[in-house]
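# Structural characterization, general
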Amino acid sequence: MLIALCSLKGSPGVTTLAVALAMTWPQAASTRRLVAEVDPAGGDLAMRFGLPATPGLVSLAAAARRTRDPAVVWDHTQALPGGARALVAPPGGTHARAALSTLATAPNGSLLPVVARDAGVVVIADCGRADPGSPAEAIARRADALVLVTGTQGDDLAHAAVRLGELARWTPRPGLLLTGDGHPTVDVERELGVPAIGRLPHDPIAAATLTGHRPPARRRGNNGGLARHAAALARTLAEPASPTASPPATTPAGVPGVPAQQVRRPGGVLITPPGLGSHPASSPPRVIDPRHNGHQPSTAGKEPLA
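Structure report, in brief. These numbers were taken from a predicted model, which means no experiment stands behind them.

## Quick word on helix 8 (residues 185–192)
- Across the eight residues of helix 8, seven count as buried, placing the element largely inside the fold.
- All of the buried residues in helix 8 are Thr185, Asp187, Val188, Glu189, Arg190, Glu191 and Leu192.
- Structurally, helix 8 contributes buried residues whose contacts are with strand 6 (145–152), helix 7 (154–168), strand 7 (174–182) and strand 8 (198–200).
- Phi for Gly193, located one or two positions after helix 8, is positive at around 80 degrees.

## Here's the deal with the environment of Leu164
- Positionally, Leu164 belongs in helix 7.
- It is 8.6 Å that separates the C-alpha atoms of Leu164 and Leu192, two residues lying 28 residues apart in sequence.

## Notes on the packing of aromatic side chains
- In this structure the tally under the stated criterion is zero aromatic pairs.
- It is Arg32 that lies over the ring of Trp74; its NZ or CZ is 3.9 Å from the centre.

## Describing the sheet that holds strand 6
- Sheet architecture is open: eight strands sit in the order 3-4-2-5-1-6-7-8, paired in mixed fashion. The outermost strands of the open sheet, each flanked by one partner alone, are strand 3 (78–79) and strand 8.
- Helix 7 rests against strand 6 and strand 7 of the sheet, and its axis sits at about 160 degrees to strand 6.

Here is what the cut-offs are and how they apply
Residues numbered from 1 in each chain as written. Predicted model: local features only at pLDDT ≥ 70, side-chain atom pairs only at ≥ 80, totals over all residues. Heavy atoms only, no water. Buried < 20%, exposed > 50% of the residue type's maximum accessible area, 1.4 Å probe, protein only. Helix = DSSP H or I, 4+ residues; strand = E, 2+ residues; numbered from the N terminus. Contact = heavy atoms within 4.5 Å. Phe/Tyr/Trp six-rings, centres within 6.5 Å; stacked < 30°, edge-to-face > 60°. Lys NZ or Arg CZ within 6 Å of the ring centre and 35° of its normal. Pairing = 2+ DSSP bridges. Axes fitted to C-alpha atoms, helices over the stretch in contact; angles between N-to-C directions.

These figures capture arrangement, not role.
Dropping the structure here:
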């Protein structure tokens, strides 16, 4: 299974989410989990976890010129805490972009989607920013599921509104994931015209722990539950898509293989079916009450989507 994670602006935590999903993936003991840094701007995992620069993305790109065996991918990975593996990218964008371009033009194309088709394997690809012309696009377009991670401030959402329709066509199973403080989830969903698959809280302590940093001192009441939310999202993504009946003509078309109902997951997280629409917002969501910043996904009784 290939899960592609990407963003459109800033640093909403794509790399942290990739590691969190790998560490909380269901049935981890029987699943080979690979976090692949395919961000053309360069990688962070080697520095965060104290790993050497090689083996990694650059050495894999060199090997891909000589072999078509997808198993070679594992020879260029390194161990992460919790049993997952990492394909680390160099910190410099020049070398990372060149390596990605080499992989994309390999005889059989990028080897990562091929590896992800093996039974008991999940590849979580950190694609970085989905800029037009990104060499990571070739990998994202072959993903079983694509998750667009975005903050919920007005400028974040303005960028999301412009690209939602295009990114939704990259994969049969797209999803919009919100992060941090900002506009309430219900307002974001209404203004963008699409449901969110969840919302990750601002949890710097858990984020630091998951990415190899020294966590800051915990303050009373500061328990955002990032790991719990990531585990709920991982369970949802791990579920195989199942065929569904065609929706009535009077309802918007859903995403193939994704149930139409909302599902309450353990931990109180409400997961909505991934389905990016093509109705961009004309303006950023309005903040009705700044005291309610909407850390949790909206409930089933929310106002209908536009």
